[in-house]
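Descriptive analysis of the structure
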Amino acid sequence: MMLENLELSQWVLGSIWGYPVFLTFHSLGLGLLVGLLVVIDLRVLGVAKPLPLSELRKMMPYVWFGFVLNAVSGVVLFMADARKDYYSNSFRWKILSIVVGLVIAVYLNNKVLRENAEETPPLARLLAVVSLASWTGAIVAGRLIAYLSSPL
Amino acid sequence: MLQGFLESLDGTAIGLTVKTSVWMFPVLEALHFIGLALLIGGIAALDLRVLGVAKRLPIAPLHKLLPLVFVGFGINLITGVLFFLSDPLGYGVNPAFQFKVIFILLAGLNALWFELKLSRQVEEWGPGVDASTHAKVVCGLSLFLWAGIITAGRLLPSFAALL
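Residues numbered from 1 in each chain as written. Chains lettered and ligands numbered in written order. Predicted model: local features only at pLDDT ≥ 70, side-chain atom pairs only at ≥ 80, totals over all residues.

1. Considerations on the overall build of chain A
Across its full length, chain A holds eight helices and zero strands. Mapped in sequence order, the helices and strands of chain A form the string α-α-α-α-α-α-α-α. Principal axes of the C-alpha set define a box for chain A whose edges measure 50 × 25 × 20 Å. Here the analysis covers contacts within chain A between residues at least 6 apart in sequence; of these, 84% occur between residues at least 24 apart. (Helix = DSSP H or I, 4+ residues; strand = E, 2+ residues; numbered from the N terminus. Contact = placed C-beta atoms within 7 Å.)

Right, here's the structure in full:
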């Protein structure tokens, strides 16, 4: 596949440090992205109510920063191993989980956090639970790519 | 001395189980990353606020998220010890592992310092109130140490391959 033949892809896969360096960015981004979303989801579910949601919303740029870090490092890691990832069911589950988690994060950011209710509506709570489940799923599926994909 | 200690931990029943099982490593690794998210989430939220992000958040309720941090740390300590027991001789001499353990100890001392010297002040740091420079240094150091811990952990297998 063409993607794998790019100079960057070859370097990432061929050098000792290329792959682990991008994996490191991917883990740092994970901490920011999922870590801060866990705090926000828990607050939506009623934990730490003295934290106003509209103020917690100001942490969202750090969530998006973590996401961008992971999207960029993720694309580079994908390019290095494009066929293995593309045909991996774990990879497909991971992407699906991320899309669900992102859509919910955008909704919570634009609606629930902005409305700043102390008691959040049932729909927001349900979405917070689905968000926690989908990011957990993304992490598990991501980890399994390395184990369940057939080598090409 | 280190060598003797590592050898005494080599070949335990639990270590061999982790090493030889097909599914234990991936499951433990997935848990280690979930623990990472819980741990870093609670820490980053508090540290960022102390450093001046989202300043209208009161600091005391963020400080009360400590149980979340402990759950994450507990998961990662248990899974981390299991990784280590699967190959004590390999991990023990790995510079990335040694660096990681030292940084975890430093992060622990740094957090203990916050609890002993600063935690009584968190009630004073309400909405819009700037935390002290002392607290900002401790929380900045905390973010730096945890980023170093993640980096060392991620580079660990590459160092193992070099040894």
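2. Regarding the overall build of chain B
Helix and strand counts for chain B come out as eight helices and zero strands. Moving toward the C terminus, one meets the helices and strands of chain B in the order α-α-α-α-α-α-α-α. For chain B, the spread of C-alpha atoms along the principal axes amounts to about 55 × 30 × 25 Å. Here chain B holds 163 residues, and 36% of them are scored as buried. Relative to all contacts within chain B whose residues are 6 or more apart in sequence, the contacts with residues 24 or more apart total 85%. (Buried ≥ 20, exposed ≤ 12 C-beta atoms within 10 Å, placed from the backbone.)

3. Focus: the interface of chain A and chain B
Across the boundary between the two partners, chain A contributes 29 residues, which contact 29 residues of chain B. Residue assignment for the side of chain A that touches chain B shows that the elements contributing at least two residues are helix 3 (18-44), helix 4 (53-56) and helix 8 (122-148) of chain A. Residue contributions to the side of chain A that touches chain B peak at 13 residues, all from helix 3 of chain A. Counted by class, the side of chain A that touches chain B contains 21 nonpolar, five polar and three charged residues. (Nonpolar A, V, L, I, M, F, W, Y, C, P; charged D, E, K, R; others polar.)

4. Considerations on the packing of helix 8 of chain A against helix 3 (residues 24-50) of chain B
Interhelical geometry of helix 8 of chain A versus helix 3 of chain B gives an angle of 145 degrees and a closest axis separation of 9 Å. In this structure, helix 8 of chain A crosses over helix 3 of chain B, and the sense of that crossing is right-handed. Listed contacts from helix 3 of chain B to T136, I139, V140, R143, L144 and Y147 of chain A of helix 8 of chain A are P26, E29, A30, F33, I34 and A37 of chain B. Its residues placed into classes, the contact of helix 8 of chain A with helix 3 of chain B shows nine nonpolar, one polar and two charged. (Axes fitted to C-alpha atoms, helices over the stretch in contact; angles between N-to-C directions. Left-handed = near helix turned anticlockwise from the far one by under 90°.)

5. Observations regarding unusual backbone geometry
Generally, phi is negative for residues other than glycine and the peptide bonds are trans, each holding for most cases. All names here are of chain A. For N116, which is not a glycine, the phi torsion comes out positive at approximately 60 degrees. As for its position among the elements, N116 is in the loop between helix 7 (89-115) and helix 8. Classification of N116 by C-beta neighbours within 10 Å gives partly exposed; the count is 13.

6. Points about helix 3 of chain A
Residues and elements named next belong to chain A. Compared with the 39 Å implied by 1.5 Å per residue over 27 residues, the 39 Å span of helix 3 between its first and last C-alpha is a close match. By the criterion of burial, helix 3 is predominantly enclosed, with 19 of the 27 residues buried. Directly after helix 3, the chain includes G46, whose backbone phi takes a positive value near 110 degrees. (Expected span 1.5 Å × (residues − 1).)

Geometric descriptors of this kind do not, in isolation, establish any biological role.
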